[in-house]
Amino acid sequence: MSYSNTAFIKCIVAIVKSFNWRQVIAVYQDDGHITISNTALLFSFALREVGSELEYVAAFAPARNGSFPKSSVQDELIRMQKQLSTVYVVLHSSEALALSLFHEATELGMMEKGENERGLHGFDLNNPTVVFWPGGPTTIPGGLRKLKVGIPANPVWENFEMVEVDMESRRVTNRRGFCVDVFLAILDRMKYKFEYEYVPFNFGINSSLDYEFRPIPEGTNSNYHFTYDDLVDQVYLKKVDLVVGDVTILAPRSEKVSFTQPFLSSGIVMLVPLEDDNPRWLLLSPFKWTLWLAIFGMMLCTFVAILVLEKYGNQPHGDFQGPCDSRISCSGFGFVLNYLKDVLHYKQEIILATNSSDYPNAFQNGTITAAFLEVPYVRVFLSKYKGYTVYGETHMLGGFGFVLPKFSTMTFDMSKAILELQEDGTLKKIEDKWFSVTFKPAVSPMDNTNKQKLEFDNFSSLFIFSMFVSGIALVIFLIRKINLIQLLRLKMMGAGFVSEDNAQGG
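Residues numbered from 1 in each chain as written. Predicted model: local features only at pLDDT ≥ 70, side-chain atom pairs only at ≥ 80, totals over all residues. Heavy atoms only, no water.

J.: I'm lost on the overall build of the chain in this one. Help?
T.: For the chain, the helix and strand inventory stands at 14 helices and 17 strands. In the chain, which comprises 506 residues, the proportion classed as buried is 41%. Summing over all exposed atoms, the chain offers an accessible surface of approximately 28100 Å²; the carbon and sulfur share of this is 56%. (Helix = DSSP H or I, 4+ residues; strand = E, 2+ residues; numbered from the N terminus. Buried < 20%, exposed > 50% of the residue type's maximum accessible area, 1.4 Å probe, protein only. Areas by Shrake-Rupley, 256 points an atom, 1.4 Å probe, with all protein chains shown as cover.)

J.: I would appreciate a short explanation of the pattern of salt bridges in the present structure.
T.: Working definition: two side chains of opposite charge can pair if their charged atoms are close together. Counting across every chain of the model gives 11 salt bridges. In this structure, the salt-bridge partner of D181 is K433, at a minimum N-O distance of 3.0 Å. In this structure D181 comes out as buried when scored by relative accessible area, which is 18%. According to the relative accessible area criterion, K433 is exposed, its value standing at 58%. Note that D424 and R189 form a salt bridge whose closest N and O atoms lie 2.4 Å from each other. Residue classification places D424 among the partly exposed positions, given a relative accessible area of 39%. On the basis of relative accessibility, which here comes to 32%, the residue R189 falls in the partly exposed class. Within the structure, one salt-bridge network assembled from shared partners comprises R189, E420 and D424. (Salt bridge = Lys/Arg side-chain N within 4 Å of Asp/Glu carboxyl O.)

J.: Quick question: what am I supposed to make of helix α4 (residues 95-107) here?
T.: Along an α-helix, residues three or four positions apart point the same way, because every turn accommodates 3.6 residues. End to end, α4 covers 19 Å across 13 residues, agreeing with the expected 18 Å (1.5 Å per residue, within 8%). Taken residue by residue, α4 has L97, S100, L101, E104 and A105 as its buried positions. End-on, the buried residues of α4 take up no more than an arc of 125°, which puts them together on one face. Within α4, the exposed residues directed more than 90 degrees away from the buried face are E95 and L99. Looking at the buried positions of α4, the neighbouring elements they touch are β1 (23-29), β2 (53-60) and α3 (70-81). Trailing α4 by a residue or two, G109 shows a phi angle of about 80°, which is positive. (Expected span 1.5 Å × (residues − 1). Arc of directions from axis to C-beta. Contact = heavy atoms within 4.5 Å.)

J.: Help me understand the packing of aromatic side chains, please; the structure alone is not making it clear to me.
T.: Any two aromatic rings considered together are summarised by their centre-to-centre distance and by the angle between their planes. For the coordinates displayed, the defined rule picks out 21 aromatic pairs. Considering the side-chain rings of F183 and F402, the 6.1 Å spacing of their centres and the 85° angle between planes classify their relative orientation as edge-to-face. F402 shares its class with F183; the two are buried. Sitting over the ring of Y236, K256 keeps its end group 5.7 Å from the ring centre. Over the ring of F407 we find K406, and its NZ or CZ is 5.7 Å from the ring centre. (Phe/Tyr/Trp six-rings, centres within 6.5 Å; stacked < 30°, edge-to-face > 60°. Lys NZ or Arg CZ within 6 Å of the ring centre and 35° of its normal.)

J.: I tried to follow the nonpolar core on my own but got confused; where do I start?
T.: Note on soluble globular proteins: their nonpolar side chains tend to be buried together. Core analysis: the largest hydrophobic core is formed by 69 residues, its most contacted members being F160, F178, F263, L271, F402 and M410. When residues in this core are grouped by element, the largest group, 8 residues, is from helix α5 (residues 178-189). Dropping the residues within four chain positions of it, L271 is found in contact with F363, A370, A371, L373, V378, F381, L382, Y388, T389 and V390. Formed by 17 residues, the second largest nonpolar core is a distinct cluster that contains V24, V87, V89 and L91. (Core = buried A, V, L, I, M, F, W, Y, C linked by side-chain atoms within 4.5 Å.)

J.: Looking at this structure, how should I read the environment of T367?
T.: Positionally, T367 belongs in the loop between α10 (359-364) and β15 (370-374). Engagement of the side chain of T367 in a polar contact is seen with the side chain of N365, the distance being 2.4 Å. (Polar contact = N/O pair within 3.5 Å; in protein donor to acceptor, adjacent residues only side chain to side chain.)

The structure is reproduced here in structure tokens:
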């Protein structure tokens with residue numbers, strides 16, 4: 001490779017970096033020599049050094065009789081249109097190929113003014129002074145076609161994303177929610193801009209506990225229902241370019257797609273209703289059953305000791321004789337159901353898939369006694385309904401993240417923006433806007449003051465000391481009683497001998 005070609009590569013990469021183009025498509029005409037393929041490889045390495053990537057390479061075979069078939073050029077351009085990038089770098093081209101490329105690109109609408117999603121931008125190493133801009137030299141292209149952003153159309157928890165959809169055109173006419181606000185804040189922080197449109201997806205719940213995994217059918221209509229796994233697969237199948245929503249970061253999903261930095265932490269917790277405290281039995285609530293058992297045991301021992309002391313220690317007086325299947329629920333959408341079965345080992349027959357609006361009724365009529373939800377959903381639930389709390393530990397998860405294609409350079413850019421939003425407090429403000437309840441797990445569903453009940457270990461030393469004192473008193477009494485009995489026996493024996501002598505002397 002000549003020095004000039006190396007210099008041209010560095011020059012082009014510098015231009016790519018200056019416009020923050022994260023993905024680029026290379027175009028070249030194969031001349032049968034290894035030089036041009038090495039140029040493409042060098043170009044790919046140079047892009048990586050500045051944080052960009054070579055998304056696609058369009059290689060054209062040598063011309064036949066000095067021309068290129070129209071169909072082959074159009075087919076390649078259509079494949080290029082399907083890529084995310086609209087920055088096309090022509091590494092090597094004959095005049096015939098260059099003319100054919102721009103002629104067919106014009107017919108396909110790729111050179112129209114304002115068509116950023118179909119714009120053709122080229123740099124030709126054979127003529128580095130020529131730069132082609134769609135719409136004229138004053139228009140700086142964004143480098144990406146219009147992105148399709150998947151979003152739940154009817155989410156289980158509306159605080160995260162709420163959309164209004166024109167069912168005839170299937171276009172989103174209005175959107176709002178926590179996830180939407182975070183997405184818009186991320187776009188404001190990114191160094192490059194791009195056009196996008198929302199693609200709504202309906203969610204639904206099956207009557208059975210096991211969800212049916214369904215591939216995306218052709219001609220999907222508005223009545224088709226998706227799960228979150230289906231929504232993630234839209235990115236993997238390249239039906240959409242990005243998913244904005246309350247999608248939990250999971251290891252199986254990460255094998256197919258990339259997730260941004262979590263913008264909201266998450267975990268699975270148990271939601272239970274608070275039981276009313278009856279003032280009549282308020283005294284019983286601070287103690288566990290083991291402590292009450294110890295109390296009654298100590299009272300019994302003390303009673304026996306007093307009974308023995310009173311009955312036999314002061315016997316002549318005779319003043320004291322003495323008497324002596326529950327069901328649990330989880331959200332109908334997502335992986336929580338499998339987590340309960342596979343990780344927490346709950347039996348499937350006691351698990352009931354429920355919608356968010358059904359939880360209060362299910363609790364009241366006794367259908368369920370507990371519900372397992374992710375922490376962000378608990379915050380929404382507690383802000384709407386009173387008389388519930390969280391019981392037990394939090395089973396931590398990966399959090400909520402936006403979904404992008406595997407190894408997408410946008411993942412890093414969006415993750416960096418999320419970290420900036422966290423560090424300057426913007427993300428906290430968005431949370432406060434949509435969630436009025438701060439998550440504070442309680443220790444016990446019976447204790448709304450978050451205090452532990454007292455158990456035996458808290459008073460074990462007191463019980464041991466009390467029983468020790470009672471035991472010592474009882475031992476001392478028994479020793480004194482034995483000595484007293486022996487003394488009385490000796491006295492009675494002595495009295496009997498005297499009476500016999502007197503009888504003999506008379």
